[in-house]
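# What the coordinates show
Next come the chains, spelled out residue by residue.
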Amino acid sequence: MTAPLTRTELADLLTEAAQSVSGIVTAEYPTSASRSYLHPVLGPLSAGPRVVGELNDRLEELVAAVPRPATPAGLFALASYASALGWLTESFTELTVSVDQICTRVGIPSEPRSLTFAASDETGQDDGFDLAFSALELAAIRTAAEAAGLSPNDYVEVLSQSLLAASRITDACMEISNGLLEDAAYVLDEASDHVRTDDGPNNLPTLVRSLLARMEAAR
C-alpha cells in the first residue's frame, strides 16, 4: 500500500500531462518531397499515439493504485485527467480520418499519377489558379506539385486539407493542455485537500466544463 497522492503530486500529474499534450503540436516528422502536402500533419500524427498511450497507461495505474485517489482533490484531478485523455483520443481519431481522406484523394498507397497526366490536368485551370498566388509562390507550388505527381490545383487542395487538419489538432491540443494547467493550479492553490466538487459547475474541472458547454451548444 502506498500513501495517497498529495495535492502537489496531483498538480504535477496534470502539469506533466499538459506538457506531453502541448509537445504534440511541435513534433516533427521527416517528409519526402513526394508527400510534402502531408508535412503539416505528420508530426502530430506520429507523436499523438505515443502520448495517448502514455496517458492511458498512467490513468490505469492511478485507478488500479491502492489506495485509489479518493479525496475531493484526487477525484477532481482524475476527472480532469480522464477528460483530457478522452478529448485527445477523440481528436486523434478525427485527425486520422482526415489524413486517410487526403491519402485516398491522392491515391495513396497506389502510385502517384504520372507527370504527363498531372500536366494535362492543369489545362483550363491556370487562370484562376495563377491569380491566387504571387509568381514566387506559384513557382514553389508547381515545383512541389511536380515532385508529388499532382497538378498544382490538386496539390493546393490536399495541402489546404492538411493545414486545416493540423489547425484542428493544434487547437484541440492547446485547449486540452491549457485546461490541464488550469486544473493543476486549482488543485495546488487550494488551502487543503478538500477541493470543492459539489458547488455547481464552476468547480468542475476545466475540460469537463468545456465539454459540457460544447454539448449544450450542440443541442
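In this report, we go over the structure that sits alongside the text.

Reading the values: rules and limits
Residues numbered from 1 in each chain as written. Predicted model: local features only at pLDDT ≥ 70, side-chain atom pairs only at ≥ 80, totals over all residues. Heavy atoms only, no water. Helix = DSSP H or I, 4+ residues; strand = E, 2+ residues; numbered from the N terminus. Buried < 20%, exposed > 50% of the residue type's maximum accessible area, 1.4 Å probe, protein only. Contact = heavy atoms within 4.5 Å. Areas by Shrake-Rupley, 256 points an atom, 1.4 Å probe, with all protein chains shown as cover. 1 Å grid on protein atoms, 1.4 Å probe; cavity = no way out; pocket = protein on both sides within 12 Å on 5 of 7 lines; lining within 4 Å. Points joined across faces, edges and corners; volume = space filled by probe spheres on them. Nonpolar A, V, L, I, M, F, W, Y, C, P; charged D, E, K, R; others polar. Axes fitted to C-alpha atoms, helices over the stretch in contact; angles between N-to-C directions. Parallel < 35°, antiparallel > 145°, perpendicular 65-115°, else oblique. Left-handed = near helix turned anticlockwise from the far one by under 90°. Phe/Tyr/Trp six-rings, centres within 6.5 Å; stacked < 30°, edge-to-face > 60°.

What the protein contains, in helices and strands, is eight helices and zero strands. Starting at the N terminus, the α and β elements of the protein follow one another as α-α-α-α-α-α-α-α. Taking all 219 residues of the protein together, 37% fall into the buried category. Across the protein, the fraction of contacts at a sequence separation of at least 24, relative to all contacts at a separation of at least 6, is 77%. Just so you have it, the protein exposes about 12000 Å², and 58% of that area is on carbon and sulfur atoms.

Now for the layout of surface pockets. Approximately 220 Å³ is the volume found for the largest pocket. Around the largest pocket sit 13 residues that line it, and S91, E94, R168, I169 and A172 are the ones nearest its centre. Put simply, the parts of the chain that give the lining of the largest pocket at least two residues each are α3 (72–106) and α7 (152–189). Among the residues making up the lining of the largest pocket, the classes are represented as five nonpolar, two polar and six charged.

With that settled, the discussion passes to the packing of helix α1 (residues 7–25) against α7. Two packed helices can be described by the angle between their axes and the distance between those axes. One can describe the packing of α1 onto α7 by two numbers: an axis separation of 8 Å at closest approach and a directional angle of 165 degrees. Here α7 runs roughly antiparallel to α1, going by the angle between their axes. The handedness of the crossing between α1 and α7 comes out as left-handed. Counting all contacts with α1, which are made through R7, T8, L10, A11, L14, T15, A17, A18, V21, S22, I24 and V25, the residues of α7 involved are T170, C173, M174, I176, S177, L180, L181, D183, A184, V187, L188 and D189. Of the residues in the contact of α1 with α7, the class split is 16 nonpolar, five polar and three charged.

In the structure shown here, the tally under the stated rule is two aromatic pairs. With a centroid separation of 6.1 Å and 85 degrees between ring planes, the pair formed by Y37 and Y155 is classed as edge-to-face. Placement of the pair is Y37 in the loop between α1 and α2 (39–64) and Y155 in helix α7, with a sequence separation of 118 residues. Centre to centre, the rings of F76 and Y186 are 4.9 Å apart; their planes meet at 45 degrees, and the pair counts as tilted.

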